[in-house]
Amino acid sequence: MVIQSALVGLIYWIAMGRAQYFFSFAFRKPVVLGVFIGLVFGDVQQGLLYGATIQLIYMGGIEAGGNIPSDQALAACIAIPAALLSNLDANAAVALAVPFGVLGVLINNVRRTFNSFYNTRADKLIEEGKYDQLSLYSFLIPWLTNGVLYFTPVFISTLFGANVVKAFINVIPEWLMNGLSNAGAMLPALGFALTLVVMGKKQYLPFFVLGFFAYSVMGFSMLTGAVFAVCIAMISSLYKQTSDEEEYA
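Residues numbered from 1 in each chain as written. Predicted model: local features only at pLDDT ≥ 70, side-chain atom pairs only at ≥ 80, totals over all residues. Heavy atoms only, no water.

A. Representation of the environment of Gly17. For Gly17, the location among the structural elements is in the loop between helix H1 (2-16) and helix H2 (21-27). Gly17 gets classed as buried once you look at its relative accessible area, which sits at 5%. Once the C-alpha coordinates of Gly17 and Leu144 are considered, the two residues, 127 residues apart in sequence, prove to be 8.5 Å apart. In contact with Gly17, other than residues within four places in its own chain, are Tyr12, Trp143, Asn146 and Tyr150. (Helix = DSSP H or I, 4+ residues; strand = E, 2+ residues; numbered from the N terminus. Buried < 20%, exposed > 50% of the residue type's maximum accessible area, 1.4 Å probe, protein only. Contact = heavy atoms within 4.5 Å.)

B. Up close: the pattern of salt bridges. Per the counting criterion, the structure on display carries one salt bridge. The closest approach of N and O atoms between Lys130 and Glu128, which form a salt bridge, is 3.3 Å. Residue class for Lys130 comes out partly exposed when judged on its relative accessible area of 34%. Judged by relative accessible area, which is 38%, Glu128 ranks as partly exposed. (Salt bridge = Lys/Arg side-chain N within 4 Å of Asp/Glu carboxyl O.)

C. Molecular detail of helix H5 (residues 72-86). Compared with an ideal rise of 1.5 Å per residue, which puts 15 residues at 21 Å, H5 spans 21 Å between its outermost C-alpha atoms and is within 8% of the ideal. Immediately downstream of H5, the backbone of Asn87 shows phi near 55 degrees, a positive value. (Expected span 1.5 Å × (residues − 1).)

D. Molecular detail of the packing of aromatic side chains. Scanning all chains against the criterion turns up six aromatic pairs. On the basis of an interplanar angle of 10 degrees and a centroid distance of 5.9 Å, the ring pair of Phe139 and Trp143 is categorised as stacked. Separated by four residues within a single helix, Phe139 and Trp143 lie in helix H7 (residues 134-171), roughly one turn from each other. Overall, Phe139 belongs to the partly exposed group, its relative accessible area being 38%. Given a relative accessible area of 27%, Trp143 falls into the partly exposed group. Three or more aromatic residues joined by ring pairs make a cluster, and in this case those are Trp13, Phe139 and Trp143. (Phe/Tyr/Trp six-rings, centres within 6.5 Å; stacked < 30°, edge-to-face > 60°.)

E. Spatial organisation of the side chain of Ser5. Inspection of the secondary structure puts Ser5 in helix H1. In this structure the side chain of Ser5 is engaged in a polar contact, spanning 3.2 Å, whose partner is the backbone nitrogen of Leu159. In this structure Ser5 touches Phe155, Thr158 and Leu159, once residues within four positions along its chain are discounted. (Polar contact = N/O pair within 3.5 Å; in protein donor to acceptor, adjacent residues only side chain to side chain.)

F. Molecular detail of unusual backbone geometry. Despite not being glycine, Asn87 has its phi angle at roughly 55 degrees, a positive value. Note that Asn87 resides in the loop between H5 and helix H6 (90-128).

G. Layout of a nonpolar patch on the surface. A contiguous nonpolar patch, built from Tyr204, Phe207, Leu210, Val217, Met218, Phe228 and Ile232 and spanning about 710 Å² of accessible area, is present on the exposed surface. Where the nonpolar patch is concerned, the elements lending two or more residues are helix H9 (205-218) and helix H10 (222-248). Top contributing element to the nonpolar patch by residue count: H9, with four residues. Relative to the assigned elements, Met218 resides in helix H9. (Patch = residues over 30% accessible without salt bridge, like charges linked within 9 Å, V, L, I, M, F, W, Y side chains within 5 Å. Areas by Shrake-Rupley, 256 points an atom, 1.4 Å probe, with all protein chains shown as cover.)

H. Layout of helix H3 (residues 30-40). Buried within H3 are the following residues: Pro30, Leu33, Gly34, Ile37, Gly38 and Val40. For H3, the arc enclosing every buried residue in end-on projection is 145 degrees, short of the 170-degree limit, so these residues lie on one face. Positive backbone phi, approximately 75 degrees, marks Gly42, located one or two places after H3. (Arc of directions from axis to C-beta.)

This is how it looks when you write it as structure tokens:
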């Protein structure tokens, strides 16, 4: 369990460490993390099932200004190992993930507090012309600090959490456990609702209707539909850019 716990901690660090932002932004999705966590515990299929179920909560989430409303990576990295080791129902895993997602926001705020000191030091190095030391305070030291902040809670919770979760589940009455499962089953509806808020705008409704009836008539796979959607979005964006350039020409 020590090695498995360490690997899950490293996965969370990679997901939230921001060494390469575009990679970490995609990697920290629960549906992606579920594959790697499942691989660590030898059950990729079940890990993916838990990850995909947790992902439904965050489908319509928007990180405005870089502020995360909930840390979906921490929710996945704590809930999925606990669910795999305790053989939890997927809906119960969702209910377990929600509070840890909120806890991740606090960890992110602590990270930003530390980074403010590093930024001050980096500004001073620029004023002094010591550019050779700048990378230490602009990347390396903040990244290693992130490692401590992100690795530690996941490692500890995964190492000791399984037994705690099992003991906790054994104590919980059956009616309360069923309530948690039902609550977890309702939470993905929030993710769909947030997505529908965007899709429900009048300028996007033609694309929604087109996609719905195209899928109904042609019956293509989700991957094929995604490729069509990306192409249509790029074409629409291209025409909008051309229209804007002509307007300001």
